[in-house]
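Here is what each chain is made of, one letter per residue.
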Amino acid sequence: MRIATWNVNSAKQRLPRMLPWLAERRPDVVCLQETKLGNDAFADLFEAPLAELGYQYAHHGQGAWNGVALLSRVGLDDVRAGFAGQPDYDDLAEARAVSATCGGVRVHSLYVPNGREVGSDHYEYKLAWLEALRADVAQGPADVMLCGDMNIAPTDADVFDPEAYVGHTHVTAPERAALAAFGLVDVVRDHWGDKRIFSYWDYRAGMFHQDFGMRIDLLLASAPVAGRVQAAWVDRAARKGKLPSDHAPVIVDLDEAPDGNIGPVVPPPSNPGRGKKVKLPQGERVADGG
């Protein structure tokens, strides 16, 4: 079973790229984040073409902001929008989580709050959101995957230059501790050790072409599921070309690997800016969205 996660940063804008990508990579389960569409608008655009490709879908939308989806060719059972205890922000339960059982695995598509600035109310909301999700996931089942834009780089190895991120969100000790508290396996890092792997590159300042990125799009799996991983890789090709998202899809193959044990980044970056000190683009809040 092939499972993929992708922050598309507007499903409507990415439509011309998403459908050919689905046909080419043929993932069995796809977790999308930042669709930026309401449920009716998502259905109008995607219901028919997804059906032609053999996908059921569940979408939890919020108009121009947030929005998450699950696409599946292996079943889509017990769909749930949000999770028990999910905190509000500004008196609103944001559309940041949807889950379902797909092929026997409980899959969560997640768009974790950005945090914006360390110590801000949004940062505290992020930590509370993660703790509520952890408590919910702890209730079971045992076969589970959390997939999505976690807006946290788990270690310093997951950013191009740790010094550039000092004082920013995504790399603080409380955020990393909140992620580790799930007790799940980071399957891409587990598969590739200390290799240079990023999934997000800012649109500005040539960050993608210099490979100045972050790894914040994660697939976290319980031990029974992690033990089935045969391949795990970032589809960097989907970040290239015309009208890309600023995130690349991340793909994990369970039980068998149709493309072999490729990776960790496909194709690998041709111009990695190793050793070069770079400031984050002015006004950068580390990652896009909220």
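What comes next is a walk through the structure. Keep in mind it's a predicted model, so treat the numbers as computed, not measured. (Residues numbered from 1 in each chain as written. Predicted model: local features only at pLDDT ≥ 70, side-chain atom pairs only at ≥ 80, totals over all residues. Heavy atoms only, no water.)

This brings us to the pattern of salt bridges. Using the criterion set out here, one finds 17 salt bridges in the structure. Arg 25 is the salt-bridge partner of Asp 235, the closest N and O atoms lying 2.9 Å from each other. Residue Asp 235 is located in strand β11 (residues 229–235), and its partner Arg 25 is located in helix α1 (residues 11–25); the two are separated by 210 residues in the primary sequence. By relative accessible area, Asp 235 is classed as buried at 1%. The partner of Arg 176 in a salt bridge is Asp 156, with the nearest N and O atoms 3.1 Å apart. In this pair, Arg 176 is assigned in helix α4 (residues 173–180) and Asp 156 in the loop between β8 (144–149) and α4, connecting sequence segments 20 residues apart. Classification of Arg 176 as buried rests on a relative accessible area of 17%. Salt bridges here are not isolated pairs; linked through shared partners, they connect Asp 158, Asp 186, Arg 189 and Arg 215. (Salt bridge = Lys/Arg side-chain N within 4 Å of Asp/Glu carboxyl O. Helix = DSSP H or I, 4+ residues; strand = E, 2+ residues; numbered from the N terminus. Buried < 20%, exposed > 50% of the residue type's maximum accessible area, 1.4 Å probe, protein only.)

Quick look at the sheet that holds strand β13 (residues 265–266) now. On the basis of which strands lie adjacent, the open sheet formed by seven strands has the order β3-β4-β2-β1-β12-β11-β13 and mixed pairing. Each of the sheet's edge strands pairs with one partner strand only, and the pair in question is β3 (56–60) and β13. Two elements, strand β1 (residues 2–7) and strand β2 (residues 29–33), share five bridges in a ladder whose sense is parallel. Across the sheet, Thr 5 pairs through a bridge with Cys 31, a residue of β2. Against the sheet, α1 contacts β1, β2, β4 (68–72), β11 and β12 (250–254), and its axis sits at roughly 160° relative to β1. Where helix α2 (residues 39–52) meets the sheet, its contacts fall on β3 and β4, and the angle it forms with β3 comes to roughly 165°. (Pairing = 2+ DSSP bridges. Contact = heavy atoms within 4.5 Å. Axes fitted to C-alpha atoms, helices over the stretch in contact; angles between N-to-C directions.)

Within strand β7 (residues 105–111), seven of the seven residues are buried, which leaves it mostly tucked inside the rest of the structure. Here β7 shows a buried face lined by Val 105, Val 107, Ser 109 and Tyr 111 and a second buried face lined by Arg 106, His 108 and Leu 110. Here strand β6 (residues 97–102) pairs with β7 via six bridges, running antiparallel. Bridge pairing links Ala 100 to Val 107 in β7. Turn length for the β6-β7 hairpin, with the two strands adjacent in sequence and antiparallel, is two residues, and the turn residue Gly 103 shows positive phi of about 60°. Where β7 meets β8, six bridges bridge the pair, whose relative direction is parallel. When the bridges of β8 are listed, Tyr 111 appears paired with Asp 149. After leaving β7, the chain enters helix α3 (residues 121–137) and then returns to the sheet as β8, a path that is right-handed. (Right-handed = clockwise from strand over helix to strand, strands pointing away.)

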